[in-house]
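Notes for the structure review
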Amino acid sequence: MPKSTVKKVKELFSYATDRLSALVGSWTFFILHVVWIFIWFAYDLDILLLTFILSIEAIFLMIILLMAGRREVAHDRKREMKDYEIDKLGEKGVRDNQA
């Protein structure tokens, strides 16, 4: 696979991860789950199946949230490096002005 294609695929997955983590962390997602579970109980459906579905969902959501967190840490690291470089330049400028 060409590098440009790999980069585009990574960008697509990064975008999807960010969007999914934003959705999962919303009140809408929470309320929809509460309603869905109440409907499940109201129709007296199989609790074991509900448990299985929610467990699988939890696994996938945790993976998505971990990827989003890892991506955010990488962005923070880049920002910190830029801040450090700017601080070094500022310190050098102050030393040059004092000399």
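Placed above this text is the structure.
Read on for a plain summary of the structure.

Some words on the packing of helix 2 (residues 27-42) against helix 3 (residues 47-98)
In contact at an axis separation of 11 Å, helix 2 and helix 3 are set at 165° when each is read in the N-to-C sense. As judged from the angle between their axes, helix 2 and helix 3 are roughly antiparallel. Judged by the twist between their axes, the crossing of helix 2 over helix 3 is right-handed. Of helix 3, the residues touching helix 2 (which contributes Phe 29, His 33, Trp 36, Ile 37, Trp 40 and Phe 41) are Ile 47, Leu 49, Leu 50, Ile 53, Leu 54, Glu 57 and Leu 61.

Overview of unusual backbone geometry
Even without glycine at this site, Asp 44 takes up a positive phi of about 55°. Turning to its location among the elements, Asp 44 is positioned in the loop between helix 2 and helix 3.

Re the side chain of His 33
Inspection of the secondary structure puts His 33 in helix 2. His 33 sits in the buried class, given a relative accessible area of 16%. If near-sequence neighbours (up to four positions away) are discounted, His 33 is found in contact with Leu 54 and Glu 57.

Structural notes on the environment of Leu 61
With respect to the helices and strands, the residue Leu 61 is situated in helix 3. Owing to a relative accessible area of 19%, Leu 61 belongs among the buried residues under this scheme.

The rules behind each value
- Throughout this description, residue numbers start from 1 for each chain and increase along the sequence as written.
- Per-residue local features of the predicted model are confined to residues with pLDDT of at least 70, and side-chain atom pairs are confined, for both listing and counting, to 80 or more; whole-chain, interface and lining totals are unaffected and use all residues.
- The basis for every side-chain value is the complete set of heavy atoms in the structure, and neither hydrogens nor water enter the calculation.
- Between the N-to-C directions of two axes lies an angle of 0 to 180 degrees, each axis being a line fitted to C-alpha atoms and, for a helix, fitted only over the stretch in contact.
- Put simply, DSSP marks the helices as runs of H or I at least four residues long and the strands as runs of E at least two long, and each gets a number from the N terminus on.
- Orientation categories follow fixed angle ranges, with anything under 35 degrees roughly parallel, anything over 145 roughly antiparallel, 65 to 115 roughly perpendicular, and all other angles oblique.
- Handedness of a crossing is defined here by the sense of rotation of the near helix relative to the far one, left-handed for an anticlockwise turn of less than a right angle and right-handed for a clockwise turn.
- Any two residues whose heavy atoms approach within 4.5 Å at even a single point are treated as in contact.
- Summary of the burial criterion: residues with accessible area below 20% of their type's maximum are buried, those above 50% are exposed, and those between are partly exposed, where the area comes from a 1.4 Å probe applied to protein chains only.

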